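Here's the letter readout for the chains.
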Amino acid sequence: MTTVLSTRWRWRSSNVIPGFGITFGFTLFYLSLVVLIPLACLGWRAASLGGADLASLGSDPRVLSALATSFWTAFAAAAVNVVFGLIVAWVMVRYRFPGRRLLDAAVDLPFALPTAVAGIALTAIYAPNGWIGQFLQPYGLRIAYTPLGIVIALVFIGLPFVVRTVQPVMEELNRDVEEAAATLGASRLQTLFRVVLPSLAPALLTGFALSLGRGVGEYGSVIFIAGNIPYVSEIAPLLIVMRLEEYNYAAATAIGSIMLSLSFLVLLLINLIQAWSRRRFGHVL
Amino acid sequence: MSSKSVPPTAPIVFRDATSESPLLKAGLIAVAAVFLALVLFLPLAAVFSEALRRGPTAALAALSEADALAAIRLTVTVALISVPLNLVFGVSAAWAIAKFDFKGKTFLITLIDLPFSVSPVIAGLVYILLFGTGSLFAPYMQSAGVQILFAVPGVVLATIFVTFPFVARELIPLMQDQGTGDEEAALSLGASGWQTFRLVTLPNIKWGLLYGVLLCNARAMGEFGAVSVVSGRLRGETVTMPLQVEILYNEYNFVAAFAVASVLALLALLTLGLKALLEQVYGRNHTGSSKH
Amino acid sequence: MNLHIRGIRKDFDRFAALDGVSLDIASGELIALLGPSGSGKTTLLRLIAGLDFPTDGSVFFGEEDASRKSVQERNIGFVFQHYALFRHMTVAENIGFGLKVRPSRERLSRTEIRARAKKLLELVQLPGLENRYPAQLSGGQRQRVALARALAVEPRILLLDEPFGALDAQVRRDLRRWLRDIHDTTGHTSVFVTHDQEEALELADRLVVMNKGRIEQIGTADEIYDEPVSPFVYSFIGESSQLPVRIVNGEIWLEDRTIGLRTHDQSNSEGAFYFRPHDVDILDGCGGCLAGTVLSSRRVAGTRRVELAIGGPQHRVEIDLPADHPAATRSRIAFRPKHWKVFAERS
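Residues numbered from 1 in each chain as written. Chains lettered and ligands numbered in written order. Predicted model: local features only at pLDDT ≥ 70, side-chain atom pairs only at ≥ 80, totals over all residues. Heavy atoms only, no water.

**A short note on the overall build of chain A**
So, point 1. When helices and strands are tallied, chain A shows 14 helices and one strand.
So, point 2. In terms of overall dimensions, chain A is more spread out than a globule: its C-alpha atoms have a radius of gyration of 24 Å, far above the 19 Å expected for 285 residues.
So, point 3. Over its C-alpha atoms, taken along the principal directions, chain A stretches across nearly 70 × 60 × 30 Å.
So, point 4. The buried share among the 285 residues of chain A stands at 58%.
So, point 5. Of all intrachain contacts in chain A linking residues separated by at least 6 positions in sequence, the fraction that spans at least 24 positions is 73%. (Helix = DSSP H or I, 4+ residues; strand = E, 2+ residues; numbered from the N terminus. Rg over C-alpha atoms; globule rule 2.2 N^0.38 Å. Buried < 20%, exposed > 50% of the residue type's maximum accessible area, 1.4 Å probe, protein only. Contact = heavy atoms within 4.5 Å.)

**Side note on the domain arrangement of chain C**
All names here are of chain C.
So, point 1. Domain annotation for chain C reports domain 1 (3–234) and domain 2 (239–344).
So, point 2. Here the C-alpha centre of domain 2 lies 41 Å away from the C-alpha centre of domain 1.
So, point 3. Summed over both partners, the interface of domain 1 with domain 2 buries about 740 Å², with 53% contributed by carbon and sulfur atoms.
So, point 4. For the domain 1 face of the interface with domain 2, the top three residues by lost area are Y225, P231 and Y234, together amounting to 82%. (Domains from an automatic or database assignment. Buried area = accessible area lost by both parts, 1.4 Å probe.)

**Looking at the environment of L18 of chain C**
All names here are of chain C.
So, point 1. Mapped onto the elements, L18 comes out in strand β2 (residues 15–25).
So, point 2. On the basis of relative accessible area, L18 is assigned to the buried category, the value being 0%.
So, point 3. Between the alpha carbons of L18 and G40 there is a distance of 5.8 Å; along the sequence they are 22 residues apart.
So, point 4. Those residues in contact with L18 that sit more than four places away from it in its chain are I8, R9, K10, G40, T43, L44, L47, M210 and G213.

**What to know about the UniProt feature "domain: ABC transporter" (unreviewed entry) in chain C**
So, point 1. Mapped onto this numbering, the UniProt entry gives "domain: ABC transporter" (unreviewed entry) at residues 3–237 of chain C.
So, point 2. Secondary structure across residues 3–237 of chain C divides into 37% helix and 26% strand, with the first and last C-alpha atoms of the span separated by 25 Å. (UniProt positions renumbered as here; feature names shortened; annotations may be inferred.)

**Things to note about the sheet that holds strand β9 (residues 206–211) of chain C**
All names here are of chain C.
So, point 1. The strand order across the open sheet formed by six strands is β6-β7-β8-β3-β9-β10, and the pairing between neighbours is mixed. The two strands at the open ends of the sheet, each matched to only one other strand, are β6 (76–79) and β10 (214–219). Each adjacent strand pair in this sheet contributes to an overall mean axis angle of 20 degrees, direction not counted.
So, point 2. Strand direction decides the pairing type here: strand β3 (residues 30–34) and β9, joined by four bridges, are parallel. The residue bridging I31 from the neighbouring strand is R206, located in β9.
So, point 3. Most of the contacts of helix α1 (residues 41–49) go to strand β7 (residues 157–161), to which it runs at about 150 degrees, and overall it touches β3, β6, β7, β8 (189–194) and β9. (Pairing = 2+ DSSP bridges. Axes fitted to C-alpha atoms, helices over the stretch in contact; angles between N-to-C directions.)

**Quick word on the interface of chain A and chain B**
So, point 1. Chain A puts 99 residues into the contact, and the matching count from chain B is 96 residues.
So, point 2. For the pair chain A and chain B, the summed buried surface comes to about 8500 Å²; carbon and sulfur atoms form 77% of the total.
So, point 3. Joining chain A to chain B, the criterion identifies two salt bridges.
So, point 4. Taking the shortest distance from any N to any O, the salt bridge between E20 of chain B and R188 of chain A comes out at 2.7 Å.
So, point 5. Counting the contacts that link chain A with chain B gives 16 residue pairs in polar contact (both at pLDDT 80 or more).
So, point 6. Examining the composition of the side of chain A that touches chain B, we find that 18 residues originate from one element, helix α2 (residues 20–49) of chain A, more than from any other.
So, point 7. Residues belonging to the side of chain A that touches chain B are distributed by class as follows: 70 nonpolar, 16 polar and 13 charged.
So, point 8. Summarising the sheet, strand β1 (residues 12–13) of chain A and strand β1 (residues 101–102) of chain B pair through two bridges and their orientation is antiparallel. (Salt bridge = Lys/Arg side-chain N within 4 Å of Asp/Glu carboxyl O. Polar contact = N/O pair within 3.5 Å; in protein donor to acceptor, adjacent residues only side chain to side chain. Nonpolar A, V, L, I, M, F, W, Y, C, P; charged D, E, K, R; others polar.)

**Some points on the sheet that holds strand β17 (residues 303–309) of chain C**
All names here are of chain C.
So, point 1. Taken in spatial order, the five strands line up as β15-β19-β16-β17-β18 in an open sheet, and their pairing is antiparallel. Every interior strand has two partners, whereas the edge strands, β15 (280–283) and β18 (316–322), have only one. Strand-to-strand, the axes of this sheet are offset by a mean angle of 45 degrees, without reference to chain direction.

**Some remarks on the side chain of D161 of chain C**
Residues and elements named next belong to chain C.
So, point 1. Secondary-structure assignment places D161 in strand β7.
So, point 2. Summary of buried charges: D161 has no salt-bridge partner, and the nearest side chain of opposite charge, R46, is 5.9 Å away.
So, point 3. Excluding anything up to four places from it in sequence, D161 contacts T42, L45, F78, V79, F80, Q81 and V193. (Lys, Arg positive; Asp, Glu negative; His and termini not counted.)

**Describing the interface of chain A and chain C**
So, point 1. Facing 21 residues of chain A, the contacting portion of chain C comprises 23 residues.
So, point 2. Of the roughly 2100 Å² buried between chain A and chain C, counting both surfaces, carbon and sulfur atoms make up 64%.
So, point 3. Taken as a group, T183, L184 and R194 of chain A account for 32% of the area that chain A buries against chain C, more than any other trio of residues on that side.
So, point 4. Here chain A is connected to chain C by one salt bridge.
So, point 5. The residue E179 of chain A makes a salt bridge to R46 of chain C at a minimum N-O spacing of 2.6 Å.

**Considerations on the confidence of the model for chain A**
So, point 1. Put simply, chain A has an average pLDDT of 90, and 95% of its residues get 70 or more.
So, point 2. Segment residues 1–7 of chain A is flagged for pLDDT under 50; beyond a separation of four residues in sequence, or across chains, it makes one contact in the model. (pLDDT = per-residue confidence, 0-100.)

**Examining the pairing of β3 of chain C**
All names here are of chain C.
So, point 1. Here β3 lies mainly inside the structure; five of its five residues are buried.
So, point 2. Residues L30, A32 and L34 of β3 are buried on one face, and the alternating residues I31 and L33, pointing to the opposite face, are buried as well.
So, point 3. Judged from the five bridges that link them, β3 and β8 form a sheet pairing that is parallel. Across the sheet, A32 pairs through a bridge with F192, a residue of β8.

**Notes on a nonpolar patch on the surface**
All names here are of chain B.
So, point 1. There is a patch of nonpolar side chains on the surface, built from W207, L210, L270, L274, L277 and V281 and spanning about 550 Å² of accessible area.
So, point 2. When residues of the nonpolar patch are assigned to their parent elements, the largest contribution, four residues, is made by helix α13 (residues 254–282).
So, point 3. By the secondary structure assignment, L274 is in helix α13.
So, point 4. Since its relative accessible area comes to 37%, L274 is described here as partly exposed. (Patch = residues over 30% accessible without salt bridge, like charges linked within 9 Å, V, L, I, M, F, W, Y side chains within 5 Å. Areas by Shrake-Rupley, 256 points an atom, 1.4 Å probe, with all protein chains shown as cover.)

**Here we look at unusual backbone geometry**
All names here are of chain C.
So, point 1. Residues other than glycine seldom take positive phi values, yet K212 does so here, at roughly 50 degrees.
So, point 2. Note on K212: relative accessible area 70%, which makes it exposed.
So, point 3. The phi torsion at A301 lies on the positive side, around 50 degrees, for a residue other than glycine.
So, point 4. Exposure remark for A301: the relative accessible area of 65% places this residue in the exposed category.

**Quick word on the side chain of T75 of chain B**
Residue and element names in this part refer to chain B.
So, point 1. Tracing the chain through its elements places T75 in helix α3 (residues 66–99).
So, point 2. Judged by relative accessible area, which is 2%, T75 ranks as buried.
So, point 3. A polar contact is formed between the side chain of T75 and the backbone nitrogen of M241, at a distance of 2.9 Å.
So, point 4. The residues touching T75, leaving out its near neighbours within four places in the chain, are M221, T240, M241 and P242.

**Observations concerning the domain arrangement of chain A**
All names here are of chain A.
So, point 1. Along its sequence, chain A is carved into domain 1 (13–47) and domain 2 (50–284).
So, point 2. Taking only C-alpha atoms into account, the centre of domain 1 sits 30 Å from that of domain 2.
So, point 3. Facing the five residues of domain 1 at the interface are seven residues of domain 2.
So, point 4. If you sort the residues of domain 1 by the area they bury against domain 2, L42, R45 and A46 come out on top, with a joint share of 76%.
So, point 5. The interface formed by domain 1 and domain 2 holds zero salt bridges in total.

**Quick word on the packing of helix α10 (residues 193–222) of chain B against α13 of chain B**
Residues and elements named next belong to chain B.
So, point 1. Running from N to C, α10 and α13 cross one another at 165 degrees; their axes reach a closest spacing of 10 Å. With respect to α13, the element α10 is oriented roughly antiparallel. As for the relative orientation of α10 and α13, their crossing is left-handed in sense. Residues W207, G208, L210, Y211, L214, L215, A218 and M221 of α10 form the contact with α13, whose own contacting residues are L264, L267, T271, L274, K275, L278, E279, V281 and Y282.
So, point 2. The residue inventory of the contact of α10 with α13, partitioned by class, reads 13 nonpolar, two polar and two charged. (Parallel < 35°, antiparallel > 145°, perpendicular 65-115°, else oblique. Left-handed = near helix turned anticlockwise from the far one by under 90°.)

**Observations regarding helix α13 (residues 236–245) of chain A**
Residues and elements named next belong to chain A.
So, point 1. For α13, a buried count of eight out of ten residues is recorded, marking the element as mostly surrounded by other parts of the structure.
So, point 2. Taken together, the buried positions of α13 are occupied by A236, P237, L238, L239, I240, V241, R243 and L244.
So, point 3. Looking one or two residues beyond α13, the residue adopting positive phi is Y247, at roughly 55 degrees.

If you want it as C-alpha cells, here you go:
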C-alpha cells in the first residue's frame, strides 16, 4: 500500500499530524477574502479600463511627475539608509557601549509609531520655524515643503528595514574569515572593505529594496512634510487619494495599478537577490 | 619542560585582529548615535514637547473632547476586531505551512506577505473599487442597506488588510524551526489533535505569538493611509486617532493634534518596551524576521 | 625559519590558558601540537600567528622578536579548521587575496597574481578550479584552497589549526598524506594543531604533547610512544592499562603481593604502573606475575581483547591476545608486561 502511495505524485507528503484540511482551507479562504479578491478587483478594473485609457491616464504629466517624485525620493532615502543603517547595525553588533540596548530598541520606533504622528513631528522639526528648520532658514535651506522633506520622512520610515535585515547576517559573520584576511596581510580597513562589506552585500541590497518598496508607497508620514506642490513635491499615493475624493475612480485605478506593478517589481527584485545569494554563496541572507 | 624564568617585558597592548582602532570605533559609535538621535529621538521628543507647549492642562483638555474620546473608542474597537481575526488566521496559516509539506508553499508565503509590499493607499483603494459606486457588489449592498465604505466596517476591513501578515510572519519561521517532533510525540501518547495544539504547540509558540500580536496591534491602532481612504472622516463616527490627528492638524489646532499624537506615541513606546522585554525573555533569534 | 618560543604565559580572565611554555622548532620541521581540548594548543598556535598576544614571554622568528609585531607584519600562513574562505570570491581571488592587499609598490600585477594562483592550484592538485566559488567545492577541496591561499604569500611559517578536523575520516587520511608531500616539496617550517594522535604520529617530525596549558613532552613519534615521561602522556598516546602500585626497595607490589618486576626507583612510595595491552607475555602460571579473572573477552580485528580483574574487582586491566591463543578459553590468565613504566607519586 505504501509503495503505491509513495510512487504516486502527491501534492502534499503525508504525516500523522492532524488539522491540515481545516487550517489550510481557512488560510486560503481568509487570504482570498481579505487580500486576493480585493487586489484582483483592482486588476480587473484596470483591465476593463482598456489599454488606451490606462495609457492616457497613466501618462498624464502630473501623474508621471508624482510617480517620479515618489520613486526618486524613496530611492534617495533607501541609499541614505543603506549607509547609515550599515553603520548603526555594525556598531550594535560589534561594539559594547552604554546605551546600546536603548539604541537597539529604538531602531524599531518607525515600525511602532503611527505614520501620521511621525509626519507631524518631522514637520514640527523641519518647518521654517521648526526646531531645526529655523536654523537652516537664514541660509535659504528649506527642508519641509520640498522634496528634501519627503526624503527625510522616508529615511525615518525605511531605517529599520535596512538595520533589521543586515543585523542578523552580521551576527552570523565568521570571525575566522576576518582573521584569515589579517594573516594574509590585509589591514583592518582592507578587511572591512574587501571581505566584510562584500559578504553583507546581499543583505544590504535586500534592505535597500525593502526600504525602497516601502518608501514608494508611503503616505502618512510624507503628506504633512511634503507641502504637496503639484509637479514638485506631490507623491503618487496622494494623487490616488485626491482622485478618489473627486470620485474619479478610473484615474485612481490607473495610478494604483501602476504602483502595484512597481511593488511587484520590487518584490521580484528581492527574490532575485536572494536566489542569487543562495546560488553564489550557498546560503540565504 | 620547565621554562627558564624570563625577564618581565613591558606589556605590549595589541588590538586583536578583528577589531577596529579605538578612534574609528568611537567615530562610528558617534555617527550612529547622532544619526539615530536626529532621525528617531528628535521626532519623538517633538511630539511630546509640542503637545505640552501650552501646558499639561491644555493637552488633557484636548484629549477629553468628545471627538477625541470617540476616536480613541473607535481605534480600540477596530483593533479588538482586527487583531483577533488576524491572530486566528496567523496561527492557522502557520500550522498549515510549518507542520506540513506541500507544493507551492513558498508561493503561499509570498502571497501572505503581499500586504507588506502594497501601499496603504492602495489597500484603501481596492476596497473602494470593491464596494463603491459602480462596483460589482454595490447594488446588492444598497438593497440590503449595508454600509461598508465611509463607515466602521470599511475602517475595520482596511485595517485587517494592512495588519494581515503580522502574526503569520512571526509564527511561520518559529514553528518551522520547531519541527513536528513534539507534536508527533504527543499524538503517539494518545493526545487528540486539539489537545496536542493546546498543551504542546501553544506553550512553544506563546512568546512568538505575543510578539506578533503586539506588532499587529501597534499597526492596527496606528494605520493611517488605508483607513483615511475608506473612512470618509465622519467626526465622532469613522475617525480613528491617527485621522483625528490629521483633522486637528489641518485645522491648525496643533496642541490638540500633538496631544492625540502623544497618546499614540506612548502606545508605540509601550509596544517597543514590551517587545524589548519579550526579546529578553525568549531571545532575539526566536523573534522571527522583523521585516514588516 | 627557526621558531623559538620563550616562557609564554597567556591568561584569559583569571585562568592561565598557557603557563611557562617554551619550545624550539628548527627550520623546515613539521611539528604537531597534540592535546585534549582545553590543553592550550590552539591558543599557542594563535599566539605564534599574532592573532592573540601573550600575557608574558616572547616568540622569535629566527633572531627577530616577533612578539612586537602585528599579525599582518609577521608574514605567516594560517589555515583554519573551518577553512575561512572568502565566499564572495572565486578560488583564484581567494588565493590571490594576500598578494592583492599588499602596498602598491610591492604588489604584483594582476596577471602575475593570476599566474601564481594557477600554479598554487596545481600544487594542491586542484587545477582548473580557478573560477569556482567556495560554495561549489567539497570540504576537502576547500581545505586545499585554504592551504594554497596561505602559501601564496610565501609565509615564513605555516600554521594549521586542526586542518582536517571538519572532514570525513577517508578524506582526512588522503589529505594527511597530501599535506606531508606538500611539506616535503615546499619545506616550510610548519606547526599544526590536532587532537587526533594518529594524525600527529603519522604526519609530524616531532610531537609536542600538551595538557592544561603546559607542555608535557616533546619528541619524535617513537620517543613519545615508547618513552612517555608522564602518566598523562602514557594514557593519552596509544592504549594503556594502569594499576595503582607500591614501590618497596625497588620492588613493585600490587596490594599484598609482588608482581615480579623491579624499578630503579628506590624511593618507597605509592605509584602508578602503566603498560600497553598488546605488549605482554602470556604465562602458563606464575609466582610473581600479574594474574586475573577474565571479566569479558571481545574479538577486535586480528586480536582478542580481554578484560581482567586483578586481585579483586576494583583493579581492571585490558590485555590483547592473538586471536587463536589457547588462553582465550581460560577463566584466569597470567601475564607479564614486556615494556612498562611506573610513575612514583610525588608527595
